[in-house]
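# Residue-level structural notes
Each chain, letter by letter, is given below.
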Amino acid sequence: LCLEGSALRHLQRAEKVQQSAVRRPVLEARAQGIHRPLQLAALERAVREEPQLVPPRIKLAQVLALRGALAEARALLREGIEVNPTEPALRDALSQIGAAGAR
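On a predicted model such as this, the values are computed, not experimentally measured, just so you know.

## Some words on the pattern of salt bridges
According to the stated counting rule, one finds 1 salt bridge in the structure shown. Note that Glu 79 is salt-bridged to Arg 57, the shortest N-O span being 3.8 Å. Here Glu 79, found in helix α4 (residues 70-83), pairs with Arg 57, found in helix α3 (residues 54-66); they are 22 residues apart in sequence, far enough to count as distant. For Arg 57, a relative accessible area of 3% puts it in the buried group.

## Quick look at the side chain of Asn 84
Looking at the secondary structure, you find Asn 84 in the loop between α4 and α5 (88-102). Each residue touching Asn 84, except ones within four places of it in the same chain, is listed here: Pro 51, Gln 52, Val 54 and Leu 90.

## Comments concerning the packing of helix α2 (residues 37-49) against α3
Between α2 and α3, the least distance of the axes is 9 Å, while the angle of their chain directions is 135 degrees. Considered as vectors, α2 and α3 are oriented oblique to each other. The interaxial crossing formed by α2 with α3 has left-handed handedness. Across the interface between the two elements, Leu 40, Leu 43, Glu 44, Ala 46 and Val 47 from α2 touch Pro 56, Arg 57, Lys 59, Leu 60 and Val 63 from α3.

Criteria and cut-off values
The written sequence of each chain sets the order in which its residues are numbered from 1. Where totals are concerned, whole chains, interfaces and linings use all residues; where local detail is concerned, this predicted model gives features only for residues with pLDDT of at least 70, and gives and counts side-chain atom pairs only at 80 or more. Excluded from the side-chain calculations are hydrogens and water; all other atoms, namely the structure's heavy atoms, are used. A carboxyl oxygen of Asp or Glu within 4 Å of a side-chain nitrogen of Lys or Arg is what we treat as a salt bridge. Strands here are runs of E lasting at least two residues and helices are runs of H or I lasting at least four, both read from the DSSP assignment and numbered beginning at the N terminus. Buried, partly exposed and exposed residues are distinguished by accessible area as a fraction of the type maximum, computed with a 1.4 Å probe on protein chains only: under 20%, between the cut-offs, and over 50%, respectively. In this analysis, two residues are considered to be in contact whenever any of their non-hydrogen atoms come within 4.5 Å of each other. Here the axes come from fitting lines to C-alpha atoms, over the contacting stretch only for helices, and the angles between their N-to-C directions go from 0 to 180 degrees. Angles are sorted into four bins: roughly parallel if under 35 degrees, roughly antiparallel if over 145, roughly perpendicular if 65 to 115, and oblique for all others. Crossings are sorted by hand: turned counterclockwise from the far helix by less than a right angle, the near helix makes the crossing left-handed, and turned clockwise it makes it right-handed.

Right, dumping it as structure tokens:
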């Protein structure tokens, strides 16, 4: 098979997109540092026991969003905003997850 110029680039780009679509959820979970149930349970416990802590709440919301539980992720962040109304990171995370749901 002999492909020239733009046809070859198009085929290569399509192969990359297909590979990234398959690997994306795994890579995103690893990037979040959450790829084991025990880590997820630890985040859930941290949020439950110390609701004022922002980083574990945001991390858990991101993991939930990656798993497709957008409504649960948003609710978790809204609860955090009620506890920490002046924390901009919670509002930023909520807007990012809201944008992800709009896609």
